[in-house]
Amino acid sequence: MTRKIDRRAEDEQDEGGRFSRRGLLVGGSAAAAAAILSASSTPAAAQPTAGPPAAATERRWHPDDDDILLVNGRIHTMDDHDTVVSAVRLSGGRIAAVGREAQTSGSSKNRIDLRGRTVVPGLIESHTHFVSLANRPGYHVAEWELAKDVAGVLAALAARRPEVPDGQFITAMGAGTPRMFAEQRLPTRAEIDSAVSDRPVFLYQNFNGPARVNTLGKQFFESVSNPAVAVADDGSIVGDAANYALYHLRIRQTFEDQRRSALDAMAYSAKLGITLNYDQVLFATPNGTLDPSAYETQPGDGLRKLNHYRMYDPYLSLNREGSAYVRLWINFLHQQGFIPALGGLDKQLPELKERLRNAMPGHGDEFVRIRGIGEWAAPFATPSNANGYAVWREAQRLVAQAGWHNENAIPGTPTDQSQIEQVVSTWEALDAEFGIRHLRWGLQHADHATPNQLARLKAIGAGVSLSGFRWLSGTPRADGLPFGPMFRQIHDSGIPYGLHEDGVHIAPHNPWFAMHYATTGLNVLGQQINPGQQISRTDALRAYTRGAAWFVGVDDRLGSIEKGKHADLVVLDKDYFSVSDAEMRDIRPVLSFVDGGIVHDTGVVRGRRDWAHDSDHPYDESWWRVQA
Ligand SMILES: [Zn+2]
């Protein structure tokens, strides 16, 4: 038996003072997919009004009127006392009761025996470029970033194959880099053929490639023009051609393809335990024009560039129909530095000024919400670049004057914290002029902020978000100094801090990599690169839950498992607090809840199979009747 949630009925419930719920709809729309090899090259923006998926299959929902009681767990609430309880009750999308009260109040009809498993609050990724993942062309395989070797990449590609219609691409882009794989290289054309021979496959690394294809992929790219794409015999596509290849896939994406990609990105987040993504946009093209077509994908654009006005549309469309099930908080990045053609300082920063005039910070709902400006208001420039510096400083001032939340991403180095000093002293001056303490401004990365700088940031109400991704790019320094971030020093300063991966181009989305790095200092090759700067597992987890919630400004309703908060929580396959360091990287949720709804379920806890790609097994109400 399947069940459809009626959003109109939900709205009526909302008016009656009840919490909103949503039927969680995951598009498995084979019918919506057009054959890419023969598709026209109509840009996606020309088709913004596509309807709902033709054959979407509903798989996940809330029981409408019943509580869900989780018992026999090790539930780390991350409250003020780091209380651990064995039971929690979810009702109406919220945490209804914790501990003994959970057992003694409400219904026991929907009871899930956790059998001793560890439960943590839903993870909050406090710096990501998630909307890029939500727009990937093809049937994207985000899981390739979890592979440890070439065989693992091939297995992830092959696992995707059964869902992919004839003629459609299987793609894997962004964070998968050779450094992550034992062989330190991508699979070859022949190897990819051995895993997937009857669908074209396209792999693409980082911001700008290089790329690698299988034989069908090679045939496709050798058939396109404007621009042509050169493919080497081993399937390599290098230099500008990698971005040309990306362009040819992007211009063939329909709006429905983008919606499917957004749903895939949500599913991957839920699978990793991330229940809120704090997006920091992509590198926009600051050309000043109001012509939307000028922002459409161009042949030279890398993966990090999208139409920064329209790239939210698929996610917004899904949210309008109640199908978005991972929270998306949005900052707006502004990439306009000094543009001589515009004239004096009062004529600079046109896009930022329009944003501050015409957008509304805090606008949105519990699934998509605008926060403020980040990861920067203008490109950073020091006083040695007089015009660039004036524009950067004016951007900070405009955001303060408008009373918006603001962030700036500056890591510093072990031997030079002058750029961080520029941010701190500028923000102190703006606090004196406008008062920004209530706005929780944020220094992103902050790797090498000094104790003095951290104390001053704290004094003006600012927080920091620290980069776990250094584990991927970091190497031991010849001078023996920590590569950063200075987790221990920052923790000891008492400033509020979140933790992040800064995916999904240069870094993976997987937050367990970041927690492993923060607690061990080991890079991907197992080298100690951050000596003396580790924090405890509890503190790393707090940074991904309560700390991140503070940083994102949602600590009043998310970040801990406490009565009245939204029911975002994650049941883990291993005990984060006692597994070996090596095993920590491989932690995966077996059950994830957002707003009290199950958004990821491997079937381990409830003794049922994974619904994620299981449209042959629609929801069966009896599945809730699982008893110990
Ligand atoms: Zn970033």
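What you see is a predicted model; the values in this text were computed from it and never measured.

Engineer: Explain the overall build of the protein to me, and be specific about the residues and the numbers.
Structural biologist: If you tally the helices and strands in the protein, you get 19 helices and 25 strands. Out of the 628 residues belonging to the protein, those deemed buried represent 54%. In the protein, once contacts between residues fewer than 6 apart in sequence are set aside, the share between residues at least 24 apart is 74%.

Engineer: Give a description of the sheet that holds strand S16 (residues 274-279) that names residues and reports values.
Structural biologist: As summarised here, the arrangement of the 4 strands in space is S10-S16-S17-S18, forming an open sheet in which the pairing is parallel. Either end of the sheet is taken by a strand with one partner, and the two such strands are strand S10 (123-128) and strand S18 (368-373). For this sheet, the mean angle separating the axes of adjacent strands, direction not counted, is 20°. In the sheet, strand S17 (residues 327-332) pairs with S18 via 5 bridges, with the strands oriented parallel. Bridging from a neighbouring strand, Trp-329 pairs with Arg-369 of S18.

Engineer: Got a sec to walk through the packing of helix H11 (residues 386-402) against helix H12 (residues 418-434)? Specific residues and values, please.
Structural biologist: Between H11 and H12, the shortest axis-to-axis distance is 10 Å and the interhelical angle comes to 35°. Regarding H11 and H12, the two cross each other, and that crossing is right-handed. Counted together, Arg-393, Gln-396, Arg-397, Ala-400 and Gln-401 of H11 and Thr-426, Trp-427, Leu-430 and Phe-434 of H12 form the full contact between these two elements. The residue inventory of the contact of H11 with H12, partitioned by class, reads 4 nonpolar, 3 polar and 2 charged.

Engineer: I'd like to hear about the environment of Trp-404, residue by residue, with values.
Structural biologist: Relative to the assigned elements, Trp-404 resides in the loop between H11 and strand S19 (407-410). Put simply, Trp-404 and His-438 are 34 residues apart on the chain and 9.9 Å apart in space, counted from C-alpha to C-alpha. Apart from the residues lying within four places of it in its own chain, the contact partners of Trp-404 are Leu-356, Pro-361, Gly-372, Ile-373 and Val-399.

Engineer: Which residues make up helix H4 (residues 150-160), and what values go with them?
Structural biologist: Among the residues of H4, Val-150, Val-153, Leu-154, Ala-156, Leu-157 and Arg-160 are the ones counted as buried. Down the axis of H4, the sector holding all buried residues measures 160°, keeping them to one side. Residues of H4 that are buried make contact with strand S11 (139-140), strand S12 (170-174), helix H5 (189-195) and strand S13 (201-205).

Engineer: How would you summarise the environment of Ala-400 if you had to cite specific residues and measurements?
Structural biologist: Relative to the helices and strands, Ala-400 is located in helix H11. For Ala-400, a count of 22 C-beta atoms within 10 Å puts it in the buried group. Each C-alpha atom of the pair Ala-400 and Gly-435 lies 7.8 Å from the other, and the pair is 35 residues apart in sequence. Those residues within four positions of Ala-400 in sequence are excluded, and the remaining contacts are Leu-430, Phe-434 and Ile-436.

Engineer: For the pairing of strand S7 (residues 94-98), give the residues involved together with the corresponding values.
Structural biologist: The element S7 is largely enclosed, with a buried count of 4 among its 5 residues. Of the pairings in the sheet, the one linking strand S6 (residues 88-91) to S7 comprises 4 bridges and is antiparallel in character. Each residue of the ladder has a partner; that of Leu-90, found in S7, is Ile-95. Between S6 and S7, which pair antiparallel and follow one another directly, the connecting turn spans 2 residues, one of which, Gly-92, has a positive phi of 60°.

Engineer: I'd like to hear about unusual backbone geometry, residue by residue, with values.
Structural biologist: Each neighbour pair has its own omega, and for Gly-209 with Pro-210 the value is 5°, a cis peptide bond. In this structure, Pro-227 follows Asn-226 across a cis peptide bond, with omega equal to -5°. Relative to the elements of secondary structure, Pro-227 occurs in the loop between helix H6 (215-223) and strand S15 (236-237). If you check the backbone angles, Arg-115 has positive phi at about 50° while not being a glycine. Checked against the element boundaries, Arg-115 lands in the loop between strand S8 (111-113) and strand S9 (118-121). One non-glycine residue, Gln-184, lies in the positive phi region at around 60°. Mapped onto the elements, Gln-184 comes out in the loop between S12 and H5. When the 12 C-beta atoms within 10 Å are taken as the criterion, Gln-184 is described as exposed.

Engineer: Tell me what's going on with helix H8 (residues 255-272), and back it up with residues and numbers.
Structural biologist: The end-to-end C-alpha distance of H8 is 26 Å, a good match for the 26 Å that 18 residues give at a rise of 1.5 Å each. Counted residue by residue, H8 has 18 buried out of 18 residues, so it is predominantly covered. Immediately beyond the C-terminal end of H8, within one or two residues, lies Gly-273, with a positive phi of roughly 100°.

Basis of the calculations
Residues numbered from 1 in each chain as written. Predicted model: local features only at pLDDT ≥ 70, side-chain atom pairs only at ≥ 80, totals over all residues. Helix = DSSP H or I, 4+ residues; strand = E, 2+ residues; numbered from the N terminus. Buried ≥ 20, exposed ≤ 12 C-beta atoms within 10 Å, placed from the backbone. Contact = placed C-beta atoms within 7 Å. Pairing = 2+ DSSP bridges. Axes fitted to C-alpha atoms, helices over the stretch in contact; angles between N-to-C directions. Left-handed = near helix turned anticlockwise from the far one by under 90°. Nonpolar A, V, L, I, M, F, W, Y, C, P; charged D, E, K, R; others polar. Arc of directions from axis to C-beta. Expected span 1.5 Å × (residues − 1).

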